[in-house]
Amino acid sequence: MGESGPDPISAGRHAQRLLQRHSQRLITLGGAVLLDRDPEPLHQMRVTLRRLSTVLHQFGPALELPEAVSPRRLAKTVRRLGQARDLDVLIERLEQQLLPALPKAEARQLKPVLKHLRRRRRHSHGHLHGVLRGDGYRATVRALEAWLAAPQLTPLGQEPLADWLLEWHWPWIGSLLLHPAWRLQTPEGRGNVRQLHDLRKGIKEARYRLENLEGLAVPGVGMGVGGAVKQLKQGQESLGELHDLAVLRSEISAVLHKGAAGTHLGAHLAQLELTLRDQERQAWQSWRLTAAALTALPGAEPGDQPAGSSSGRRNQRKRC
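Keep in mind that this is a model prediction, so the values were computed, not measured.

Rules of the game
Residues numbered from 1 in each chain as written. Predicted model: local features only at pLDDT ≥ 70, side-chain atom pairs only at ≥ 80, totals over all residues. Heavy atoms only, no water. Helix = DSSP H or I, 4+ residues; strand = E, 2+ residues; numbered from the N terminus. Buried < 20%, exposed > 50% of the residue type's maximum accessible area, 1.4 Å probe, protein only. Contact = heavy atoms within 4.5 Å. Areas by Shrake-Rupley, 256 points an atom, 1.4 Å probe, with all protein chains shown as cover. Salt bridge = Lys/Arg side-chain N within 4 Å of Asp/Glu carboxyl O. Phe/Tyr/Trp six-rings, centres within 6.5 Å; stacked < 30°, edge-to-face > 60°. pLDDT = per-residue confidence, 0-100. Expected span 1.5 Å × (residues − 1). Bend = angle between axes of the 7 residues up to and from the residue. Arc of directions from axis to C-beta.

Visitor: When you look at the overall build of the chain in this model, what are you seeing that I'm missing?
Guide: Across its full length, the chain holds 10 helices and 0 strands. N-terminal to C-terminal, the α/β element order of the chain is α-α-α-α-α-α-α-α-α-α. A total of 320 residues make up the chain; the buried ones form 48% of that total. Partitioning the intrachain contacts of the chain with sequence separation of at least 6 by distance along the chain shows that 74% fall at a separation of at least 24. Counting only carbon and sulfur atoms, one obtains 53% of the accessible surface of the chain, whose full area is about 16300 Å².

What follows is the structure, given as structure tokens:
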């Protein structure tokens, strides 16, 4: 009589392993984030919390979780981490990439913008420090650790993960493909900026959900999980680049033009305007190609491939 293979992992046990990994990572990163000597731990903690929230959303029907453990309870911490991280990205782009390449006269004009961003970053970390030291976040972490020590699963969570692979990912992917921003023909205009940013957040969630199933034969993903994740990551990076550039324009205008309407930087910052427009063009072309690959949209031809300049690649922030 032959030996039987190992029991298939249940959906709940799979989710438990993911939560265990993210929980350990949060504990490891917390001290460095509070010290704030390097921006990278903050970036990694933000990513880890987002991934943890995705697991809670995606596999919620498989888990009997305490009330203190929910995406809603984590939202404030994710938001504070995001505010500080976004400022880090703007400061790095301005200080390390743009200012050294600009004429001295333009660089001098941007010094007040850099000072303003640094001041906001200090205030942001003060708020984040309060959240990480606060009762709410610490109670959530303790409750998650207690649940991981004795996990409770729903009847669905006790069923084999492989039996429900389509259901664990497709509802979100299917609704994402209906988003109107896939079909925008230009990134310009406040309405388009908002739609593209909203789509970017949906793409990031879809990517994390698929990565939670990586290594499995997921139905409904024609290019395979690895290929789909790669395409989603590229789309996320291109849209993130567009959003960062739009936010930077807004910050510069708010400081130098005292909040005046419009984001064109004017003749006195002509080189900066040319540089930002070139980066926006490259990011938009990259996005259109990725959108076409994911959804077969018209309007993106192989000849539209953006120039693979080192500056364009270097300017892309880390979005993992």
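Visitor: Is there a simple way to think about the pattern of salt bridges in this case?
Guide: Once their charged atoms are close, side chains differing in charge can pair, the charge on each being opposite to the other. If you walk through the whole model with that rule in mind, you get 15 salt bridges. Measuring nitrogen to oxygen at the nearest pair gives 3.3 Å for the salt bridge that ties R46 to D86. You can see R46 sitting in helix α2 (residues 39-58) and its partner D86 sitting in helix α3 (residues 71-98), a full 40 residues away along the chain. When its relative accessible area of 8% is taken as the criterion, R46 is described as buried. Residues E67 and R73 are paired through a salt bridge, measuring 3.9 Å at the closest nitrogen-oxygen approach.

Visitor: Looking at this model, I keep getting lost on the packing of aromatic side chains. Mind explaining?
Guide: Summed over all chains, the structure comprises 2 aromatic pairs. Taken together, a centroid distance of 5.0 Å and an interplanar angle of 45° make the contact between F59 and W168 tilted. With F59 in the loop between α2 and α3 and W168 in helix α6 (residues 165-176), this residue pair connects regions lying 109 residues apart in the sequence.

Visitor: Just checking my understanding: could you explain the confidence of the model for the chain for this structure?
Guide: In low-pLDDT regions, the fine details of the predicted coordinates are not to be read closely. The predicted model of the chain averages 87 in pLDDT, with 85% of residues at 70 or higher. When the elements of the chain are averaged for pLDDT, helix α10 (residues 310-314) gives the smallest value, 40, and α2 the largest, 97. Scored below 50 in pLDDT, residues 1-6 shows 0 contacts in the model against residues more than four places distant or in partner chains.

Visitor: Explain helix α4 (residues 104-133) here, please?
Guide: Owing to its 3.6 residues per turn, the α-helix brings residues three or four apart onto one side. An ideal rise of 1.5 Å per residue puts 44 Å on 30 residues; α4 measures up with 43 Å between its terminal C-alpha atoms. Helix geometry: α4 is bent most strongly at L110, by close to 35°, with proline P112 lying one to four residues after it. What α4 keeps buried is the set E106, A107, L110, V113, L114, L117, R121, S124, H125, L128, V131 and L132.

Visitor: Just to check I follow, could you spell out α6 for this structure?
Guide: Helix length check: α6, at 12 residues, gives a terminal C-alpha distance of 18 Å against a target of 16 Å (1.5 Å per residue), a fit within 8%. Within α6 the residues assigned to the buried category are L165, W168, H169, I173 and L176. Along the long axis of α6, the arc covered by the buried residues comes to 105°, so they all point the same way. The elements touched by buried residues of α6 are α1 (11-35), α2 and α7 (190-211).

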